[in-house]
Amino acid sequence: MAPIQGGDQPYLKHLNRAKVLHLLRTHPGLSRAELAAHSGLTKVTVGSLVTGLLDAGWLSEGHARPGATGRPGRELHLGEARHVLLGAEVGVLGARAVATTLRGTVLARAETRTPTTTPRAAAHTVTRLCGQLLQDPTTEGRELLGLGVALPGPVSPDGTRVLYAPNLGWDDVPFLDLLRAAPDLPATLPAGAITLDNEANAAAFGESFLRPGEPPQLLAYVSLGSGVGAGFTALSGTPHVLRGARGLAGEIGHAIIQPGGLYCHCGNRGCVETLLGGWAIRAALNLNVLDPLDEALAPRLREAAVQVTLGRAGEALGQLLVNLHQTLGPDEIVIGGALTRLDGAVLGPALDVYHARQWRPAAPPARVTVRQDSLYLPALGAAAQVLARVIDTPQEPA
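Owing to the predicted nature of the structure, the values given are computational and were not obtained by experimental measurement.

Enquirer: Mind showing me how you'd approach the pattern of salt bridges here?
Expert: Where charged atoms of side chains with opposite charge meet at close range, the side chains can pair. Using the criterion set out here, one finds 13 salt bridges in the structure. For the salt bridge of arginine 211 with glutamate 332, the shortest nitrogen-to-oxygen distance reads 3.0 Å. Here arginine 211 is found in the loop between α6 (199-209) and β10 (218-224), whereas its partner glutamate 332 is found in strand β13 (residues 332-337), with 121 residues between them in sequence. Arginine 211 sits in the partly exposed class, given a relative accessible area of 22%. Several salt bridges share partner residues, and in doing so they unite Glu207, Arg211, Glu332, Arg367, Arg371 and Asp373 into one network.

Structure representation (structure tokens):
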């Protein structure tokens, strides 16, 4: 390896800074000496980095570490007091937004239940919600690091366009430009500090990036809403989203599970969404398309037609989980979305199928985690994507 030249010193400092921040993200409470041991950096380098990060509010000091010999080290954590990140999700029936700290602690939430219409209107809704969050007392005076937006469709590899969102009727939308042109875009938002991603990708990233300790080597997040999608994260130093060659990885709702079945919005027949998608369940049970799916179904779970429809959806989900497990071999499958909040009406039969149809040599099966509190996960994950980009991108000299 060629030696680092003088001109490379700022970049080397950036790499070391990122290493320290990621270590404290996954192992909060390390002391300076422990940071040096874990990172392979010298104690002098770690001391200098920590001093700068404390001064900038990126880190905070905690209690002295018990049992240490000599001068006790103090616990170090990502700072909670100076910065704020914004994350938002555009859904079919509305939008949600969160303001978070560097640790992913939610400071404030905002939402609208007005169904999403045009891309321009959706961009205005996002920026309006962000403005509400920045007026909340919990965010007052904090430095805004950026905005991440999760969307119900695949995003172009350059992160500027929604390629298509069939449940909204959108096709090749320059959503980043629409956000930048929205009248309520926060004036304190740093230039270039907006990220876009598919909602399942964002949720998967948040599930990997925000949990303490080492994340799974391969995590699959399955989103059950108006449509069905998935996001995959792999661990390579830090978690990253698996996107495929054209950014279309994870479009599992349009995998064909019932050849010759019902027509799907995408034009094919027998897609997963024709059995498991919220739009298909609403059509089968004649539900109001403007009502949140879990709220519409909760009082009707004992009706025979509802049980048959949700049982069939659960079996389709179970087979989908088997296919994901057999083809990708994830360590963990996380399931979120409206159908998780129905007292097991869908998840019960799904998990029965999943465990019954395992390929025995592949035992034990991937761990399945159900997140009934998933309403804000895509928005929270989008904020985490902003944080990751800020940490990993070299800062321009002042």
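Enquirer: What exactly am I supposed to notice about the side chain of glutamate 273 here?
Expert: Structurally, glutamate 273 is set in helix α7 (residues 273-276). No salt bridge forms around the buried glutamate 273; measuring N to O, its nearest opposite-charge neighbour arginine 282 is 10 Å away. Only 3.0 Å separates the side chain of glutamate 273 from the side chain of tryptophan 279, close enough to count as a polar contact. Excluding its chain neighbours within four sequence positions, the residues that come into contact with glutamate 273 are Asn167, Gly227, Val228, Gly253, His254, Cys264, Trp279 and Ala280.

Enquirer: Help me out: how do you make sense of the sheet that holds strand β14 (residues 367-371) in this one?
Expert: Sheet strands pair via backbone hydrogen bonds, and the direction of the pair is either parallel or antiparallel. An order of β12-β11-β10-β13-β14 is seen for the five strands of this open sheet, with the pairing classed as mixed. Unpaired on one side and paired on the other, β12 (238-241) and β14 mark the two borders of the sheet. On average, adjacent strands in this sheet sit at an angle of 25° to one another, irrespective of strand direction. Note that strand β11 (residues 228-236) and β12 share four bridges and pair antiparallel.

Enquirer: Is there a simple way to explain the sheet that holds strand β3 (residues 83-90) in this structure?
Expert: Reading across from one edge, β5-β4-β3-β6-β9 is the order of the five strands in this open sheet, with mixed pairing throughout. Because the sheet does not close on itself, it has two edges, and the strands there are β5 (106-112) and β9 (194-198). The mean angle between the axes of side-by-side strands here comes to 15°, regardless of whether they run parallel or antiparallel. Pairing analysis gives six bridges linking strand β4 (residues 95-100) to β5, with the strands arranged antiparallel. Considered in β5, the bridge of valine 98 is made with arginine 109. The strands touched by α6 are β3, β6 (143-151) and β9; relative to β9, the strand with the most contacts, the crossing angle is about 105°.

How each quantity is defined
Residues numbered from 1 in each chain as written. Predicted model: local features only at pLDDT ≥ 70, side-chain atom pairs only at ≥ 80, totals over all residues. Heavy atoms only, no water. Salt bridge = Lys/Arg side-chain N within 4 Å of Asp/Glu carboxyl O. Helix = DSSP H or I, 4+ residues; strand = E, 2+ residues; numbered from the N terminus. Buried < 20%, exposed > 50% of the residue type's maximum accessible area, 1.4 Å probe, protein only. Lys, Arg positive; Asp, Glu negative; His and termini not counted. Polar contact = N/O pair within 3.5 Å; in protein donor to acceptor, adjacent residues only side chain to side chain. Contact = heavy atoms within 4.5 Å. Pairing = 2+ DSSP bridges. Axes fitted to C-alpha atoms, helices over the stretch in contact; angles between N-to-C directions.

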